[in-house]
Amino acid sequence: MASRQSFACYTMALMLAAAAVSAQLSTDFYDETCPDALDIIESAVRAAVSKESRMGASLLRLHFHDCFVNGCDGSVLLDDAPGFTGEKTAKPNKNSIRGFEVVDDIKSQLEDACAQTVSCADILAVAARDSVVALGGPTWDVELGRRDGTTASLDDANNDLPAPTMDLGDLIKAFSKKGLSETDMIVLSGGHTIGQARCINFRARLYNETTTLDASLASSLKPRCPSADGNGDDNTSPLDPATSYVFDNFYYRNLLRNKGLLHSDQQLFNGGSADAQTRAYASDMAGFFDDFRDAMVKMGGIGVVTGSGGQVRVNCRKAN
């Protein structure tokens, strides 16, 4: 009982801290210091997504993976440096996370427009929103003013990012550690309505979870994901085979038909506490969009450094 109470107090403290940080951020942060910042980011994101539709999901994922590891501080963008090994080679990120060149391009344009003003962490937050919009999803006002961190942690990336093998209870705990509720977890998982997953992350489900995986989907996946470990590990398949490059609610519709690609996906509709919300989103895209907006703003406030803390990196790949 004591440990349960301690965890509840810890979670409440995180939520209060996130609320306090959110109050320090503002949607008009760059209106005076870099008035073209949002237009520059939006234009670059639209160009990148137009060139490769998958890039939208990649940029959304960068923001998520940034915020879940020591807060939204742009640490996911840092290359290895003396004193630390970065997050890019962590197990959830290696051969998987992408979009760094797009961020580099955005940062270069912003430095030309207003030197050392717009943080890399804010670039990720705005690019995530613009990526969702570019693929047909909802928009929201992004709160700005994050500062960039100067270090990264391979160990924290390995430990804090939710794994595709997690059961529902572990997913709830992983999000709760970041001050996010079960409702937040279910709606943020809806980001999997776009993007791809590597064979290595769904092979076990494909060959061992036959009772909860649609047979026709399984048959279509097996040619690109052989059963032998090491064979086709990096081959990708869409998380939402119905509308792979459209941000909609088909992710939840798929779950009702046992078409969740990852084990962690199907956990949202598997006879547990997430079933009702998953079913609701499957029939109410507007409701999903509304909740997704709110959850993205909430996630964007995790562990944020503002004011004189941190720095504004000139190059997103390394500290100044």
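The shown structure was predicted, so the numbers you read here are calculated from the model rather than taken from an experiment.

### Looking at the overall build of the chain
In terms of helices and strands, the chain carries 14 helices and two strands. Whereas a compact globule of 320 residues would reach a radius of gyration of roughly 20 Å, the chain reaches 19 Å, a difference of no more than 12%. In terms of its C-alpha atoms, the chain occupies a principal-axis envelope of roughly 55 × 50 × 40 Å. Burial analysis of the chain (320 residues in total) assigns 51% to the buried set. Expressed as a percentage of contacts within the chain between residues at least 6 apart in sequence, the contacts between residues at least 24 apart total 77%. Of the roughly 14,000 Å² of accessible surface on the chain, 50% is carried by carbon and sulfur atoms. Put simply, the chain has 30 plus and 42 minus side-chain charges, and the middle of one group is 6 Å from the middle of the other.

### A few points about the nonpolar core
Grouped together as the largest cluster of nonpolar side chains are 74 residues, with contacts concentrated most on Leu62, Leu77, Leu110, Leu188, Phe247, Phe292 and Met299. Examining the composition of this core, we find that eight residues originate from one element, helix α5 (residues 120-134), more than from any other. Residues in contact with phenylalanine 292, not counting those within four places in the same chain, are Val132, Pro138, Trp140, Val187, Leu188, Gly191 and Phe247. Counting residues in hydrophobic clusters, the runner-up holds twelve residues, among them Ala197, Leu213, Ala218 and Leu221.

### Some remarks on the packing of aromatic side chains
Under the counting rule described, the total for this entry stands at 14 aromatic pairs. On the basis of an interplanar angle of 20° and a centroid distance of 4.5 Å, the ring pair of phenylalanine 64 and phenylalanine 68 is categorised as stacked. Residues phenylalanine 64 and phenylalanine 68 agree in their burial class; the two are buried. Measuring from centroid to centroid gives 6.0 Å for phenylalanine 64 and phenylalanine 175, while their planes differ by 50°, and the two rings are tilted. With phenylalanine 64 in helix α3 (residues 55-67) and phenylalanine 175 in helix α7 (residues 168-176), this pair connects stretches of sequence that are 111 residues apart. Of the two residues, phenylalanine 64 and phenylalanine 175, both sit in the buried class.

### Re the UniProt feature "active site" (unreviewed entry) in the chain
UniProt annotation of "active site" (unreviewed entry) refers to His65 when read in the numbering used here. Turning to its location among the elements, histidine 65 is positioned in helix α3. Relative accessible area serves as the criterion here: at 7%, histidine 65 is assigned to the buried category. Setting aside its immediate chain neighbours within four residues, histidine 65 contacts Val76, Glu87, Pro92, Asn93, Ile97 and Leu161.

### Re the confidence of the model for the chain
For residues with low pLDDT, the predicted coordinates do not support detailed interpretation. This prediction gives the chain a mean pLDDT of 94; 93% of its residues lie at or above 70. Residue range residues 13-22 is modelled with pLDDT below 50. Its contacts to residues more than four positions away, or to other chains, number ten contacts.

### Thoughts on helix α13 (residues 275-283)
For α13, the set of buried residues is Asp275, Gln277, Thr278, Tyr281 and Ala282. End-on, the buried residues of α13 take up no more than an arc of 170°, which puts them together on one face. In α13, the exposed residues that point more than 90 degrees away from the buried face are Ala276 and Ser283. Packed against the buried residues of α13 are α8 (182-188), α11 (250-256) and α14 (285-299).

### Some thoughts on unusual backbone geometry
Even without being glycine, asparagine 95 reaches a positive phi, approximately 60°. Along the polypeptide, asparagine 95 turns up in the loop between α3 and α4 (100-113). You will see that asparagine 258, though not glycine, has its phi angle at about 60°, which is positive.

### What to know about the layout of surface pockets
One way to see where empty space is left: roll a probe the size of a water molecule over the atoms. The volume enclosed by the largest pocket comes to roughly 1,200 Å³. As for the largest pocket, its lining consists of 49 residues, of which Arg61, His65, Pro164, His192 and Leu262 are closest to the centre. Contributions of two or more residues to the lining of the largest pocket are made by α3, α7, β1 (196-198), α9 (199-208), α12 (263-266) and α14. At six residues, the largest contribution of residues to the lining of the largest pocket is made by α3. Taken together, the residues of the lining of the largest pocket break down into 24 nonpolar, 15 polar and ten charged.

### Section: the pattern of salt bridges
Scanning all chains against the criterion turns up 15 salt bridges. Between lysine 107 and glutamate 111 there is a salt bridge whose closest N-O contact spans 2.9 Å. Taken together, the residues span about one helical turn, with lysine 107 and glutamate 111 both in helix α4 at a distance of four residues. Glutamate 111 matches lysine 107 in its accessibility class, with the two residues each being buried. For aspartate 184, the salt bridge goes to lysine 298, with nearest N and O atoms at 2.7 Å. Separated by 114 residues along the polypeptide, aspartate 184 in helix α8 and lysine 298 in helix α14 bring together distant segments of the chain. By relative accessible area, which is 8% here, aspartate 184 ends up buried. A network of salt bridges, in which partner residues are shared, links Asp79, Lys88, Asp104 and Arg317.

Scoring rules and cut-offs
- Residues numbered from 1 in each chain as written.
- Predicted model: local features only at pLDDT ≥ 70, side-chain atom pairs only at ≥ 80, totals over all residues.
- Heavy atoms only, no water.
- Helix = DSSP H or I, 4+ residues; strand = E, 2+ residues; numbered from the N terminus.
- Rg over C-alpha atoms; globule rule 2.2 N^0.38 Å.
- Buried < 20%, exposed > 50% of the residue type's maximum accessible area, 1.4 Å probe, protein only.
- Contact = heavy atoms within 4.5 Å.
- Areas by Shrake-Rupley, 256 points an atom, 1.4 Å probe, with all protein chains shown as cover.
- Lys, Arg positive; Asp, Glu negative; His and termini not counted.
- Charge placed at Lys NZ, Arg CZ, Asp CG, Glu CD.
- Core = buried A, V, L, I, M, F, W, Y, C linked by side-chain atoms within 4.5 Å.
- Phe/Tyr/Trp six-rings, centres within 6.5 Å; stacked < 30°, edge-to-face > 60°.
- UniProt positions renumbered as here; feature names shortened; annotations may be inferred.
- pLDDT = per-residue confidence, 0-100.
- Arc of directions from axis to C-beta.
- 1 Å grid on protein atoms, 1.4 Å probe; cavity = no way out; pocket = protein on both sides within 12 Å on 5 of 7 lines; lining within 4 Å.
- Points joined across faces, edges and corners; volume = space filled by probe spheres on them.
- Nonpolar A, V, L, I, M, F, W, Y, C, P; charged D, E, K, R; others polar.
- Salt bridge = Lys/Arg side-chain N within 4 Å of Asp/Glu carboxyl O.

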